[in-house]
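These are the residues of each chain, in order.
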Amino acid sequence: MLILSRKTDQAIKIGDDITITIIDIHGDQVKIGVDAPRDVKVFRQEVFNAIKTENTAAASVNTDKILGLSKILNK
């Protein structure tokens, strides 16, 4: 992990297309701005974890039950 020190209004570049700017520092809270192309998904870590958990749960659905329901509905 790279650790950098920045002050308000200073930025960090990631590649050519992504800029992270420190917007405000107040106590133990830091507000940052992320400027990235629209095709780059940017999430807070807890949101990313929730999405990953939901995707894993959706992928592990018992397809036998779905096929059984499909047969009932198609009668």
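Before reading on, note that the structure itself is shown above.
Here the structure is a predicted model, which is why all the values come from computation and not from measurement. (Residues numbered from 1 in each chain as written. Predicted model: local features only at pLDDT ≥ 70, side-chain atom pairs only at ≥ 80, totals over all residues. Heavy atoms only, no water.)

Help me out: how do you make sense of the environment of Lys31 in this one?
By the element assignment, Lys31 lies in strand β3 (residues 29-35). C-alpha separation for the pair Lys31 and Thr8, spaced 23 residues apart in sequence, amounts to 9.2 Å. Setting aside anything within four residues of it in sequence, one finds Lys31 in contact with Thr21, Ile22, Ile23 and Asp24. (Helix = DSSP H or I, 4+ residues; strand = E, 2+ residues; numbered from the N terminus. Contact = heavy atoms within 4.5 Å.)

Help me understand the pairing of β3 in this model?
Each regular strand carries side chains that alternate between the two faces of the sheet. For strand β2 (residues 18-26) and β3, the ladder comprises seven bridges, and the chain directions are antiparallel. From the neighbouring strand, Asp24 faces β3, where its bridge partner is Lys31. Counted between consecutive antiparallel strands, the loop separating β2 from β3 contains two residues, among which Gly27 sits at a positive phi close to 65°. (Pairing = 2+ DSSP bridges.)

What is the right way to look at the sheet that holds β3 in this model?
In a beta sheet, neighbouring strands pair by backbone hydrogen bonds and run either parallel or antiparallel. Pairing within the open sheet is antiparallel, and its three strands lie in the order β1-β2-β3. Edge positions in the sheet fall to β1 (11-14) and β3, since each of these pairs with one other strand and no more. Neighbour-to-neighbour, the strand axes of the sheet open up by a mean angle of 25°, direction not taken into account. (Axes fitted to C-alpha atoms, helices over the stretch in contact; angles between N-to-C directions.)

Please clarify how a nonpolar patch on the surface should be interpreted in this entry.
Together, Ile25, Val30, Ile32, Val34, Val40 and Val42 make up an exposed nonpolar region whose accessible area comes to about 470 Å². Looking at the element boundaries, Ile25 is found in strand β2. (Patch = residues over 30% accessible without salt bridge, like charges linked within 9 Å, V, L, I, M, F, W, Y side chains within 5 Å. Areas by Shrake-Rupley, 256 points an atom, 1.4 Å probe, with all protein chains shown as cover. Salt bridge = Lys/Arg side-chain N within 4 Å of Asp/Glu carboxyl O.)

When you look at the pattern of salt bridges in this model, what are you seeing that I'm missing?
Pairing of side chains with opposite charge becomes possible as their charged atoms draw close. Across all of its chains, the model carries one salt bridge by this definition. With its nearest N and O atoms 2.8 Å apart, the salt bridge here joins Arg44 to Glu46. Residue Arg44 is classed as exposed on the basis of its relative accessible area of 55%. (Buried < 20%, exposed > 50% of the residue type's maximum accessible area, 1.4 Å probe, protein only.)

What is the right way to read the environment of Ile3 from this model?
Along the chain, the position of Ile3 falls in the segment before β1. Placed 48 residues apart in sequence, Ile3 and Ile51 show a C-alpha to C-alpha distance of 27 Å.

Looking at this structure, how should I read the side chain of Thr19?
With respect to the helices, strands and loops of the structure, Thr19 is situated in strand β2. At 3.1 Å, the side chain of Thr19 forms a polar contact with the side chain of Lys13. When near neighbours in sequence (up to four residues on either side) are disregarded, Thr19 contacts Ala11, Ile12, Lys13, Gly33, Val34 and Asp35. (Polar contact = N/O pair within 3.5 Å; in protein donor to acceptor, adjacent residues only side chain to side chain.)

Sorry, what's going on with the environment of Ile66 here?
Here Ile66 shows up in helix α2 (residues 63-73). Measuring from C-alpha to C-alpha, the distance between Ile66 and Phe48 comes to 27 Å, with 18 residues separating the pair along the chain.

Interpretation in functional terms is not warranted from these geometric data alone.
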